[in-house]
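Each chain is listed here by its residues.
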Amino acid sequence: MFRLSWESLLRLVGVLFCAYSVDICQALEMPQKNKSTTSCGTIQASGPDSGEPPPETDARASLASGDRAERSETDLGDLEIIKSPSDPKKYRYFELTNGLRALLISDLSQVHSEHRDTDDEDDDDDEEDGDDEEDEEEEEEESSEEDNSEQEDLDNEEDADSSEQDGDSKDSDCCTGVRKKKKGRSEKQSAAALCICVGSFSDPEDLPGLAHFLEHMVFMGSEKYPAENGFDAFLKKHGGSDNASTDCERTIFQFDVQRKYFREALDRWAQFFICPLMIEDAIDREVEAVDSEYQLAKPSDSHRKEMLFGSLAKPKHPMSKFCWGNAQTLKHEPKEKGTNTYERLRDFWRRHYSAHYMTLTVQSRETLDTLEEWVREIFTKVPNNFEPRPDFSNLQDPFDTPHFCKLYRVVPVRKIHALTISWALPPQGKYYRVKPLHYISWLIGHEGTGSILSMLRKKCWALALFGGNSETGFDQNTTYSIFSISITLTDEGYQNFYQVIHLVFQYLKMLQKFGPQQRIYEEIQKIEANEFHYQEQTDPIEFVENICENMQLFPKEDFLCGDQLMFEYNPEVISRALALLTPERANLLLLSPEHEGLCSLKEKWFGTQYSVEDVAGEWGEQWAGDFPLNPELHLPAENKFIATDFTLKTSDCPDTEFPVKIIDNSRGRLWFKKDKKFKIPKAYIRFNLLTPLIQESPENLVLFDIFVNILAHNLAEPAYDADVAQLEYKLMPGDHGLVVRLKGFNHKLPLLLELIVDYLADFTTTPDVFSMFTEQLKKTYFNILIKPERLGKDVRLQILEHSRWSVIQKYQAVVKNLTVDDLMLFVAKFKAEMFVEGLVQGNFTSAESKEFLQYFIKRLQFQPLPAEPPVLFRVVELPQKHHLCKVQSLNKGDANSEVTVYYQLITTVLLYDHMGNRDCITDVCVLFFCWLDAHGGTLL
């Protein structure tokens, strides 16, 4: 029997956790990008230009023994549907007699089968406990409570900045009613999704938000299953989840559940579209739920910006409607007018929830014949009213108004300077085979030499830029398509925002002059073709949600690829779209806290303060004429990071279930595992550069954050080609060291790693760049603290982890007079002594992997640490009783409260020595409450 110290135990658990979660990233983690930035190569090529394509997978070969699914001779799939060569699933499409169109997905490949020792009956506990690899991968991606917690907040804040600018997330649709689903579902789950081609555009004029409200009300029981929350209870009992959202012209419902309960879940779910009760007594409760979503959305700058933008549409256009709905529009005003909301709700359901408006996607580990039998038996009962579909395609040019092409100054909720330039174009959905807006956005969003962002960064005017069309209902529908360029400005960039706009217009004029470039279009195709060919499996509930919407948009053969593939180069289509992106057609939206007190107008629903003005005379005159091009702006060069070798490497060490330690010395430790399961030419690399220096003071933490941000800034331009070539990298300021993470096609991954290490070794900066990131970090810390959930988390961690510095302490440190000399001294100390621990997994040999660690040692020339550094914070053991902590929110304008319940549970860690003897470490059980009150009131 043996015993480990807590430090050794924590390190062991951390390494094994990292190893186990990374093991499945190749199988499960397909990069999740929004539609505006995801495309794929031509379908004419069966594979990349060189290298070995993946072998075709026979689903029968990978069935686990004892699986109850049986194949039939007719279970062959629909060969007309284009799918990735790496996709082992089989598909079948048909239309029911009532007009509902269905796509069946039989997933018999069993990615996880080799992890399973028993049949489904014995797997139930695992499924209900959520003990799946995808959960672990998400946890590893996000970081745990004790590991990189501050970085999670910083990352989330950066993501919030991004989403505020590009509006690409589903949650930023013009109207959405999303019920939270569980994170990280297993491939074991069965899933279904149904899309109805009706949304908030169909709201009655006197009942704004009715479509969103109906999306809630249909879940209030059915004639066959009358329990009001019976479906949610059924899913919860059997490890499932559900979700729904309302867009401008579509409403989507989806759920997932354990396979053995899928047939019953389908029947229960289908009743909402066959005979929902929509109990009148539930009206008031669900109005409150809708109003609650509205209240939660009000502090979001992206939602506020969308509502303001929508208000600029012509008065009779549905874009000008209030699509969210709230207690005022669905309860109080109808009551005053004598409107019966319940009857109108039922009328809306009868008119719009018709079978011939619906597309259904189901996925399970059943044969196609079994799935078809279930779908025909259950969904044939969905009624068809034979009414024509809602059609708004005649309402073109909704933003062709004198109010659109002006400058709008907006007061944001968060401390951020942001500029959004938007154009309203004719609907572009019909050009999905060309994807002209994707081609243009790829160039606008380029960050390499000669790009807009490259120039803005050199001038210290901008931190980030996003361009394109998210293809959500707000950005693209049957009446218009929006093309937007959103830029996160620095303080200096805000002061020079007209010059920033001028650079954008100069770049667009350059693109218009040179026209579409076939070389660039085909390069995008090649990059995406590689990713599409080696496409990995996604979470079933997300997959069916995407596909059922695609079924509303594309012909059958393109259900799986219509939103991804760039099928054909058509310079005329691209040129027509590009020609419309001119200064005189642009809407300018400028967000800044500096506008506080200067904006006299207020948007009706979200209360956004804004002002409107004409473009400044001298700039308007210049843009109306033939202004000169900027010689520093040019098209991107050829990309050297595109993978061309897809050979699967021969292993040079024995196969192991988990990563093994192949280097362990005073300077570093390396873990390695060769992929023998998924057989794809990709790899994952992660290195932690550990040092106790970071946690010595709040000032060191701040300097570390600045250092990592500037390092990423320095790498943005040289590494951008790698990023667009599907080589992902991330630099994270962890609690105890710098985390360097890379993944993607292994061919050019070493080239990217060396680039990162070189920039780390030769780190340099300027006072202007230092000042830019210091000011941005002040805003970031502030934005973290004004959000109730972030403040609550910071207080909770202060209670639990006594050695952790708080965000407030970091904010106090960053407002001190730190200098660029302080930063360079910190960096010199950081590089002088450290311990490098790494993991390499995938299509590399152990010999190649050792070279990666050696490159860190060679280029950084660091000395060993006197003692091995910690990798996690120690958590205090709480006394065994209940505790209550109340904190008042720092944002008085946010009416939302946050409640956190924290449990310290009894945990038993089983340890085995090399002889198989078992020992255990048991922790105590304590219950702890941390409640956050937005107004300081009592929550109990």
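Below, the structure is looked at part by part. (Residues numbered from 1 in each chain as written. Predicted model: local features only at pLDDT ≥ 70, side-chain atom pairs only at ≥ 80, totals over all residues. Heavy atoms only, no water.)

**What about the overall build of the chain?**
Argument step 1. Broken down by element type, the chain carries 29 helices and 24 strands.
Argument step 2. Residue pairs at least 24 apart in sequence account for 85% of intrachain contacts in the chain once pairs closer than 6 positions are excluded.
Argument step 3. Here the chain displays about 37200 Å² of accessible surface, and carbon together with sulfur accounts for 51% of that area. (Helix = DSSP H or I, 4+ residues; strand = E, 2+ residues; numbered from the N terminus. Contact = heavy atoms within 4.5 Å. Areas by Shrake-Rupley, 256 points an atom, 1.4 Å probe, with all protein chains shown as cover.)

**Re the sheet that holds strand 5 (residues 251–257)**
Argument step 1. Reading across the sheet, the 6 strands line up as 1-2-6-3-5-4 and stay open at both edges, with mixed pairing between neighbours. Looking at strand neighbours, the two that pair on one side only are strand 1 (90–95) and strand 4 (241–246), the edges of this open sheet. For this sheet, the mean angle separating the axes of adjacent strands, direction not counted, is 10°.
Argument step 2. Of the strands in this sheet, strand 4 and strand 5 are in contact with helix 6 (residues 210–217), which crosses strand 4 at around 165°.
Argument step 3. Of the strands in this sheet, strand 1, strand 2 (101–106), strand 3 (190–196), strand 4, strand 5 and strand 6 (358–364) touch helix 19 (residues 540–553), which is tilted by about 150° from strand 6. (Pairing = 2+ DSSP bridges. Axes fitted to C-alpha atoms, helices over the stretch in contact; angles between N-to-C directions.)

**Things to note about unusual backbone geometry**
Argument step 1. In the Ramachandran plot, Met278 falls in the positive-phi region, its phi being about 45° despite a non-glycine side chain.
Argument step 2. With respect to the secondary-structure elements, Met278 resides in the loop between helix 8 (262–274) and helix 9 (283–297).
Argument step 3. For Met278, a relative accessible area of 0% corresponds to the buried category. (Buried < 20%, exposed > 50% of the residue type's maximum accessible area, 1.4 Å probe, protein only.)

**Some thoughts on the sheet that holds strand 13 (residues 609–613)**
Argument step 1. Read from one edge of the open sheet, 7 strands run 9-10-8-11-7-13-12, paired in mixed fashion. In this open sheet, the two edge strands, each paired with only one partner strand, are strand 9 (462–468) and strand 12 (601–602).
Argument step 2. Of the pairings in the sheet, the one linking strand 9 to strand 10 (residues 481–489) comprises 6 bridges and is antiparallel in character. Across the sheet, the residue bridging to Gly467 is Ile485, located in strand 10.

**Details of the packing of aromatic side chains**
Argument step 1. For the structure on display, the rule yields 47 aromatic pairs.
Argument step 2. Centre to centre, the rings of Tyr534 and Phe745 are 5.8 Å apart; their planes meet at 75°, and the pair counts as edge-to-face. Taken together, the residues Tyr534 in the loop between helix 18 (518–533) and helix 19 and Phe745 in strand 18 (residues 737–745) connect sequence positions 211 residues apart. Per residue, the accessibility class of Tyr534 equals that of Phe745, and both read buried.
Argument step 3. Among the aromatic residues, those joined into a ring-pair cluster are Phe219, Phe231, Phe253, Phe255, Phe262, Trp269, Phe272, Phe273, Tyr353, Trp374 and Phe379.
Argument step 4. Positioned over the ring face of Phe782 is Lys415, at 4.3 Å from the centre of the ring.
Argument step 5. Sitting over the face of the ring of Phe745, Lys682 holds its NZ or CZ atom 5.1 Å from the ring centroid. (Phe/Tyr/Trp six-rings, centres within 6.5 Å; stacked < 30°, edge-to-face > 60°. Lys NZ or Arg CZ within 6 Å of the ring centre and 35° of its normal.)

**Topic: the pattern of salt bridges**
Side-chain pairs of opposite charge can arise where the charged atoms are in close proximity.
Argument step 1. Counting across every chain of the model gives 36 salt bridges.
Argument step 2. Salt-bridge contacts for Glu549 lead to Arg250; the nearest nitrogen and oxygen are separated by 3.1 Å. Of the two residues, Glu549 is situated in helix 19 and Arg250 in the loop between strand 4 and strand 5; the sequence distance between them amounts to 299 residues.
Argument step 3. For Arg250, a relative accessible area of 12% gives the class buried.
Argument step 4. When the shortest N-O distance is used, the salt bridge between Glu613 and Arg409 registers 3.0 Å. Of this pair, Glu613 sits in strand 13 while Arg409 sits in strand 7 (residues 407–410); the two residues are 204 residues apart in sequence, bridging distant segments of the chain.
Argument step 5. Through salt bridges with shared partners, one network takes in Lys661, Asp664, Arg669, Glu837 and Glu868. (Salt bridge = Lys/Arg side-chain N within 4 Å of Asp/Glu carboxyl O.)

**What to know about a nonpolar patch on the surface**
Argument step 1. A cluster of nonpolar residues, Val899, Val901, Tyr903 and Leu905, forms a patch on the protein surface that exposes about 370 Å² of accessible area.
Argument step 2. With respect to the helices, strands and loops of the structure, Val899 is situated in strand 21 (residues 898–904). (Patch = residues over 30% accessible without salt bridge, like charges linked within 9 Å, V, L, I, M, F, W, Y side chains within 5 Å.)

**Considering the pairing of strand 7**
Argument step 1. Here strand 7 shows a buried face lined by Leu407 and Arg409 and a second buried face lined by Tyr408 and Val410.
Argument step 2. Where strand 7 and strand 11 (residues 587–591) come together, 4 bridges link them in parallel fashion. Bridge pairing in strand 11 places Leu407 opposite Leu588.
Argument step 3. Bridge count for strand 7 against strand 13 is 4 bridges, and the pairing is antiparallel. Pairing of Tyr408 across the sheet is with Val612, part of strand 13.

**Looking at a negative patch on the surface**
Argument step 1. Judged by side-chain charge, Glu280, Asp281, Asp284, Glu288 and Glu343 come together as a negatively charged surface patch.
Argument step 2. On the secondary structure map, Glu343 appears in helix 12 (residues 341–352).
Argument step 3. In this structure Glu343 comes out as partly exposed when scored by relative accessible area, which is 37%. (Lys, Arg positive; Asp, Glu negative; His and termini not counted. Charge placed at Lys NZ, Arg CZ, Asp CG, Glu CD.)

No statement about biological role is implied by the geometric values presented.
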